[in-house]
Amino acid sequence: MKKSFVAASLAALAMGVVFAAPASAADVTACLITKTDTNPFFVKMKEGAEAKAKELGVDLKTFAGKIDGDHETQVQAIETCIADGAKGILITASDTSSIVSSVKQARDAGMVVIALDTPLNPIDAANATFATDNFKAGELIGQWAKAKLGADADNAKIAMLDLAVSQPTVGVLRDQGFLQGFGIDLGDPNKWGDETDPRVVGHDVTAGNEEGGRKAMENLLAKDPMINVVYTINEPAAAGAYEALKSIGREGDVTIVSVDGGCPGVKNVEEGVIGATSQQYPLLMASKGIEAIAAFAKDGTMPALTEGKDFFDTGVSLVTDQAVDGVESISVEEGKKLCWG
């Protein structure tokens, strides 16, 4: 997907512009199944789906796990959607492998299934995936961090604050993208923790929340108190890492990078808590997903993929007020106009 299209789409969404879309999809039922209904990312995704469904006359039913990782609730939601005769499902899967059998049942029942944000394992278990290029998101912050350190990058001490032990996942893509962007040789790119570069102090898991980020940072600081670069799976984990560093007076000399682009995270970039973050666009994922279900219901059209990729790329931008040569970025002010949460 050309960047100009992504930028135009995001600008239009921010201004409330209505996209050209399939004709009215009256009597079409669609389902949105997210990991939780409390994470701001999924809240914004739901908003995008609801707005587009209202515009197209699609009857949208929404479901969510009780917590991140609640696989069984997602399975039950798929069963409900099949029983209701829905034309399509948008899903952010908690367990990308175990959900595949349920997705197959939905597809066998004549539904189109689109994974949002999180590719299934294997990715072609869904009809299509609409997502951030999470490897690129990680790569951008890795490139930025390396350029920010300059000559000191050769002697960096890096803490990797991941999501969970489950692999492969979106978290693995971000982790491995960061390492490649920083110039560290990868082992198996489908998992983290097998690299041999001595600059990597270690990995710990955060569950994607602030408390998890604080504990993981404390654990890695115990291993090496001179860590000076921190990769984080998302901005809540970054905020927790910052608090751990602040408690020992090191918040001013450690570079923290992250992924998400939520409004609290962009504010933390503005305030210097995070050096740079890769911003993704959940509203666009969901609105395009509803359009795809409406088109499928109308004439059987299957979702298109981005040329050269096995998914539909909904774009990513590096947000920072400390631009570096060779790494494209947008300012915090621009990031504020496109943030969510």
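This one's a predicted model, so the numbers in the text were calculated from it and none came from an experiment. (Residues numbered from 1 in each chain as written. Predicted model: local features only at pLDDT ≥ 70, side-chain atom pairs only at ≥ 80, totals over all residues. Heavy atoms only, no water.)

K.L.:
Now, about helix α2 (residues 40-56): what can you tell me, with residues and values included?
P.N.:
End to end, α2 covers 24 Å across 17 residues, agreeing with the expected 24 Å (1.5 Å per residue, within 8%). Residues of α2 that are buried make contact with β1 (29-34), β2 (59-64), β4 (112-116) and α10 (282-299). At the N-terminal boundary of α2, the capping side chain belongs to Asn-39, with an oxygen 2.8 Å from the backbone nitrogen of Phe-41. Among the residues trailing α2, Gly-57 stands out with phi positive, at a value near 75 degrees. (Helix = DSSP H or I, 4+ residues; strand = E, 2+ residues; numbered from the N terminus. Expected span 1.5 Å × (residues − 1). Contact = heavy atoms within 4.5 Å. Polar contact = N/O pair within 3.5 Å; in protein donor to acceptor, adjacent residues only side chain to side chain.)

K.L.:
I'd like to hear about the state of the cysteines, residue by residue, with values.
P.N.:
Here a disulfide denotes one covalent bond, and it connects the sulfur atoms of two cysteines. In this structure the tally under the stated criterion is two disulfides. For Cys-263, the disulfide goes to Cys-339, at an S-S distance of 2.0 Å. Judged by the sign of its S-S torsion, about 90 degrees, the bond between Cys-263 and Cys-339 is right-handed. Remark: Cys-339 occurs in the segment after α11 (332-338) and Cys-263 occurs in helix α9 (residues 263-270); sequence separation between them is 76 residues. Judged by relative accessible area, which is 24%, Cys-263 ranks as partly exposed. Cysteine pairing in the protein chain follows 1-2, 3-4, where each cysteine in a disulfide is numbered by its order in the sequence. (Disulfide = S-S within 2.5 Å. Buried < 20%, exposed > 50% of the residue type's maximum accessible area, 1.4 Å probe, protein only.)

K.L.:
How would you explain the side chain of Asn-268 if you had to name every residue and give the values?
P.N.:
Position of Asn-268 among the secondary structure elements: in helix α9. By relative accessible area, Asn-268 is classed as buried at 16%. Sequence-distant contacts of Asn-268, defined by excluding residues within four places in its chain, comprise Ala-239, Val-273 and Ile-274.

K.L.:
Help me get a handle on the sheet that holds strand β8 (residues 229-232), residues and values and all.
P.N.:
Whenever strands of a sheet pair, they do so through backbone hydrogen bonds, lying parallel or antiparallel. Taking strand neighbours across the sheet as the criterion, the six strands line up as β7-β6-β8-β9-β10-β12 in an open arrangement whose pairing is mixed. Among the strands making up the open sheet, the edge pair consists of β7 (200-205) and β12 (317-319). Averaged over all adjacent pairs, the angle separating strand axes in this sheet is 15 degrees, with direction ignored. As defined by bridge partners, β8 adjoins strand β9 (residues 255-260) across three bridges and the pair is classed as parallel. Bridge pairing in β9 links Tyr-231 to Val-257. Most of the contacts of helix α6 (residues 170-182) go to strand β6 (residues 158-162), to which it runs at about 160 degrees, and overall it touches β6, β7, β8 and β9. In this fold helix α8 (residues 235-246) packs onto β6, β8, β9 and β10 (276-279), with an angle of close to 160 degrees to the strand it touches most, β9. (Pairing = 2+ DSSP bridges. Axes fitted to C-alpha atoms, helices over the stretch in contact; angles between N-to-C directions.)

K.L.:
Describe the packing of helix α7 (residues 210-223) against α8, with residues and values.
P.N.:
Here α7 crosses α8 at 45 degrees, and the two axes come no closer than 6 Å. Considered as vectors, α7 and α8 are oriented oblique to each other. Here α7 and α8 pass one another in a crossing that is right-handed. Across the interface between the two elements, Glu-210, Gly-213, Arg-214, Met-217, Glu-218 and Leu-221 of α7 pack against Pro-236, Ala-237, Ala-239, Gly-240, Ala-241, Glu-243, Ala-244 and Leu-245 of α8. Residue composition of the contact of α7 with α8, grouped by class: eight nonpolar, two polar and four charged. (Parallel < 35°, antiparallel > 145°, perpendicular 65-115°, else oblique. Left-handed = near helix turned anticlockwise from the far one by under 90°. Nonpolar A, V, L, I, M, F, W, Y, C, P; charged D, E, K, R; others polar.)

K.L.:
So what's going on with the sheet that holds β2? Which residues, and what values?
P.N.:
A sheet is described by the order of its strands in space; here six strands give the open sequence β2-β1-β3-β4-β5-β11, paired in parallel fashion. Each end of this open sheet is capped by a strand with a single partner; those strands are β2 and β11 (312-313). Here β1 runs beside β2; their pairing, made up of six bridges, is parallel. Residue pairing across strands places Leu-32 opposite Thr-62, the latter belonging to β2.

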